[in-house]
Every structure is written in C-alpha cells, then in structure tokens.
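Notes for the structure review
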Amino acid sequence: MPDGGYADTYSPRKVLDDPSFRVLASGEVPAPDANIAAFYNPNHEIHLVEKPRPTPGPGQVLVHVRSTGICGSDVHFWKHGRVGDSMVVTDECGSGHESAGEVIEIGEGVTQWKVGDRVAIEAGVPCSKSSCDHCRVGRYNACPDVVFFSTPPFHGTLTRYHLHPAEWLHRLPDSLSFEEGSLCEPLAVALAGIERAGLRLGDSTLICGAGPIGLVSLLSARAAGAEPIVITDLFQSRLDFAKKLVPGVRTVLVERGLAPKDAAQKIKDAADGPVKVAIECSGVESSVHTAVHAAQFGGKVFIIGVGKNEQVFPFMHLSANEIDVSFQYRYANQYPKAIRLVAGGLINLKPLVTHRFKLEEAVSAFHVAADPSQGAIKVQIQD
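Residues numbered from 1 in each chain as written. Predicted model: local features only at pLDDT ≥ 70, side-chain atom pairs only at ≥ 80, totals over all residues. Heavy atoms only, no water.

A separate point is the sheet that holds strand β19 (residues 324-327). The parallel open sheet is built from six strands, whose spatial order is β16-β15-β14-β17-β18-β19. Edge positions in the open sheet fall to β16 (250-253) and β19, since each of these has one partner strand only. Averaged over all adjacent pairs, the angle separating strand axes in this sheet is 20°, with direction ignored. Looking at chain direction, strand β14 (residues 205-208) and strand β15 (residues 229-233) are connected through four bridges and run parallel. Among the inter-strand pairings, Leu 206 is bridged to a residue of β15, identified as Val 230. Packing against the sheet, helix α4 (residues 178-197) makes contact with β17 (275-280), β18 (295-303) and β19, and its axis sits at approximately 150° to β18. (Pairing = 2+ DSSP bridges. Helix = DSSP H or I, 4+ residues; strand = E, 2+ residues; numbered from the N terminus. Axes fitted to C-alpha atoms, helices over the stretch in contact; angles between N-to-C directions. Contact = heavy atoms within 4.5 Å.)

As structure tokens, this is what we get:
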C-alpha cells in the first residue's frame, strides 16, 4: 500500500475493522440513510455492505454521491480479482470511481465549498507533495503514492456517503446533471488520449473499439475536428450505436478471425486511405496490429486500452514507416476541460447511459454491466 500522501487517511482498515461494517444478506432492505456500498472480494462475489458514515476532518468534504457509472475495470476486479500484478483484490473492496454528488458536510479549513454545492469527484488523489517529482510538474497520474478510489486496496465511490479531499472536487455548473458529472471521468480518459495523441483539426482518425471509452473518444475526436473518423468493433450493434451518436462516423465491422492486415485494408477503404492518428481502446493485440497497419507513414498509434502484460508488435513495419506508438496511464489535468466541453455543448454524454439503477439495486446493475447480451453501454447507479 502507498505510504505517503492520503494513504493512511483512506486506509481500508478503518472501514473493514469498524464494528458497524457488515455484508448485507441477499434481499435485505437497508435503512434509508444507511451508508451502503457495492463491494467485491477475492471470491469474486459482488454484494452490498453497510459501513460507517464518515466525518470530515480538516480539508475534507463529505459528499452524498448521487450518480456513479460502472466502469469495465470495476467488472474486471469483480470477475478476475486483479488488473495486472500491482492491483489485486485481497479483501473486501469498494467499487466505483465515476461519481458526482452533493456536498453535505465540510471539515475545518474548507472555504471553497459549502453545503449544497454540486461536484464531480476526481477519483485519483495524489500525494501533492513538493518532494514528488510527478506531482510537482503536474503529471500527478504517475504519483507513486496516489490513492485511486476503487483500485485495491482503496475503497471506491459507489457508496451513499464518500469522504474526499476538498481540492480534488470539481464544481458542476447548474446546467450539468449529476449523471453528466459522473461521466466526466471516462471523458477525462478520452481527453487525455486526444491531447497526448496530438490530434489536430482535419486529421484522419481511427478509433478501435466502440465500448464506452471508444465512444467518448469518438465524441472527443469529433469535437476536436477529426475528419474522417472510422470506428471499429466486433459487434454491429455497437457500431450502430456509434453511428447514432456521431452520424458522420464511418463504421467497420471486424469479423472474428479476420487477419489484422485485412481488417486494416477495410479501414483504409472506409477512410479513403491510411489514417494519421489511430486511437486503440481495446488493448487487444490483434486490434493494435490492425491500428498499426492502418496508419500512414509518420502516423501515430495511441493506445488507451488495457491488455495482457506482454504483446508482440509488428516492429519492422513500425520502424520502416516511422509510426509512433504511445500509451496512457489514467489522466491528469482533464476534469476542468471535460466540464467546460460538456457545459458548452461541444460534447453530449447523455446518450451513453443505457441503463439506470437505484443504489440499493447495485448488484443487479453489475450483472447487467457484465453481460454483453444486455446491450449496456454505460450503466448508472443513482441515489
């Protein structure tokens, strides 16, 4: 566990060792004001728990979480118990990191917030120390002592009452709903990718994968002026959704077993040539290969997706065509931009939400999010 910054403040032991912490029985109806949350554990169980309602200390704010989206990583932690070798579920762990809510209590020294303020919650809280090179230069997503809520061992924000550092909340304008505020988290991921990929007005762009991150990347690329944009997926239903979201997008269905070079040719045909920027959102090796072969000489393949630890890349094709490959780890300095873009009408996140559940129904929500046959894009839990 990280040993600097906020790690002790948000130690999971403070919740798990509290006498009031308990797992709710299946079908049990909690009290209306109980601080319930959705937790997973090493046995790959997902259930509701009741935990203590926290009290804000100096510099902290207590938020009534009003809306939380289920991320693919939440489902992955539940089903597989880990993401890579450093993020492993070893005990009961709270889910959720795409959240927005209302300030209901403030701690000593907090002057920028008052009760009733509406906020988006930035889930990654770095140490913010001047001795941390990454925090000092603004690349706080690399802080080794970051507390990222819902990444084990730290509990997530899919709970009724969440305690958060005041400086890592972002004000929501009245025009934005709590739901849109929670969707600013995946949007922050996409915006970081667009920024680091160097996408410019008029760049021909490929987006691999029409899942939630692929779709917010599509919205972001369109707002940035990319043209044409081609998006791929294995499922026609997701491509149809993408077409409704951005009518001008060109879609390519990738059949299972199709060789990457053949898939790349379909993309080039749809884009009227190789693309300048490819944004890979699946992390699947064959999809990365496809993106590489679809890129133009001097192009960029930017990988947002998370995949297996070791992969084989077409090294000499990359070298002979001067194709740059870059990666992304979470995001930094994106929330204010995300809120401005949504509030200003440049990006409309509302159509992404396909399913909504009450907090008490969070377990059912997880089962829908994990079942491809349900056709969910973004599942929201509201309280």
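To continue, consider the environment of Asp 272. You can see Asp 272 is positioned in the loop between α7 (260-271) and β17. For the pair formed by Asp 272 and Gly 202, sequence separation is 70 residues and the distance between their alpha carbons is 14 Å. Reaching out from Asp 272, the side chain makes a polar contact with the side chain of Arg 250 at a distance of 3.0 Å. (Polar contact = N/O pair within 3.5 Å; in protein donor to acceptor, adjacent residues only side chain to side chain.)

What follows covers the nonpolar core. Ile 207, Leu 215, Leu 218, Ile 231, Ile 279, Leu 349 and Leu 352 are the most contacted members of the largest nonpolar core, which has 68 residues in total. Of all elements in the fold, only β11 (147-148), β12 (161-165), α4, α5 (212-223), β15, α6 (236-245), β17 and α10 (335-343) reach the threshold of two or more residues within this core. With residues near it in sequence (within four places) discarded, Ile 279 still touches Ile 194, Leu 199, Thr 205, Leu 206, Ile 207, Cys 208, Ser 217, Phe 302 and Ile 304. In this structure, Cys 93, Leu 359, Ala 365 and Phe 366 belong to the second largest nonpolar core, which totals 25 residues. (Core = buried A, V, L, I, M, F, W, Y, C linked by side-chain atoms within 4.5 Å. Buried < 20%, exposed > 50% of the residue type's maximum accessible area, 1.4 Å probe, protein only.)

Under the counting rule described, the total for this entry stands at seven aromatic pairs. When the ring of Tyr 10 is compared with that of Phe 149, the centres are 5.1 Å apart and the planes differ by 85°; the resulting orientation is edge-to-face. One end of the pair, Tyr 10, is in the segment before α1 (13-16); the other, Phe 149, is in the loop between β11 and β12, and 139 residues separate them in sequence. Side by side, Tyr 10 and Phe 149 carry an identical accessibility label, which is buried. Among the aromatic residues, ring-to-ring pairing joins Tyr 6, Tyr 10 and Phe 149 into one connected group. Directly above the ring of Tyr 161 sits Arg 53, whose terminal nitrogen or CZ lies 4.5 Å from the centroid. Sitting above the plane of the Trp 78 ring, Lys 79 keeps its charged end 4.3 Å from the centroid. (Phe/Tyr/Trp six-rings, centres within 6.5 Å; stacked < 30°, edge-to-face > 60°. Lys NZ or Arg CZ within 6 Å of the ring centre and 35° of its normal.)

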